[in-house]
Amino acid sequence: LTLSLVIPLEDTDSTTVKGVLDFTNGTLALTPWNLAINKLTGKVEFTEDTTTASGISGELFGKVLRLDLASINKTKDHSVVQATVTNAIDLHDIE
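**Q** How should the pattern of salt bridges be read in this particular structure?
**A** Oppositely charged side chains are able to pair whenever their charged atoms sit close together. Under the definition given, this model contains four salt bridges. Here lysine 39 and glutamate 59 are joined by a salt bridge, their closest N and O atoms 3.5 Å apart. Note that lysine 39 is positioned in strand β3 (residues 35-47) and glutamate 59 in strand β4 (residues 51-60), a separation of 20 residues in sequence. A relative accessible area of 47% means that lysine 39 is categorised as partly exposed. Ionic pairing is found between lysine 43 and glutamate 45, a salt bridge with its closest N-O pair at 3.4 Å.

Right, here's the structure in full:
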């Protein structure tokens, strides 16, 4: 994790955050669905306003996948991070 955090004491509302999270061979547990994405490799970049990632690779059901993240629907106090997963699986893989 690389992180830059600037908190102006006179105006804490102007706080800035900038970070990069690099990972290799990680696991993401998707608990509600009893699934795990394994062998995650890539990086996520974030600020106080945004989260982005492009081309994170991993495995789901033993097949390679791609994961991209992007901040959407941003307002002053709220944002949503959209995850796009690209994977080719067969019905046999999830039975």
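**Q** I tried to follow the pairing of β3 on my own but got confused; where do I start?
**A** Put simply, side chains in a regular strand alternate between the two faces of the sheet. Note that strand β2 (residues 16-30) and β3 share ten bridges and pair antiparallel. Within the sheet, the bridge partner assigned to glycine 26 lies in β3 and is leucine 40. What sits between β2 and β3 in their antiparallel hairpin is a turn of four residues, with asparagine 34 showing a positive phi close to 55°. Pairing of β3 with β4, which is carried by four bridges, proceeds in the antiparallel orientation. Residue pairing for β4: glutamate 45 is matched across the bridge by threonine 52. Linking β3 to β4, which pair antiparallel, is a turn of three residues.

Rules used throughout
All chains use their own residue numbering, which begins from 1 and follows the written sequence. In keeping with the model being predicted, local features are shown solely for residues with a pLDDT of at least 70 and side-chain atom pairs are shown and tallied solely at 80 or more, while totals for entire chains, interfaces and linings include all residues. Side-chain descriptors were evaluated using all non-hydrogen atoms of the structure, hydrogens and water having been removed beforehand. Any carboxyl oxygen of Asp or Glu within 4 Å of a side-chain nitrogen of Lys or Arg constitutes a salt bridge here. We count a stretch as a helix when DSSP gives it H or I for four or more residues in a row; a strand needs E for two or more, and each element gets its number in order from the N terminus. Relative accessible area decides the class of each residue, using a 1.4 Å probe on protein chains only: under 20% of the type maximum gives buried, over 50% gives exposed, and in between gives partly exposed. A pair of strands counts as paired when DSSP detects no fewer than two bridges linking them.

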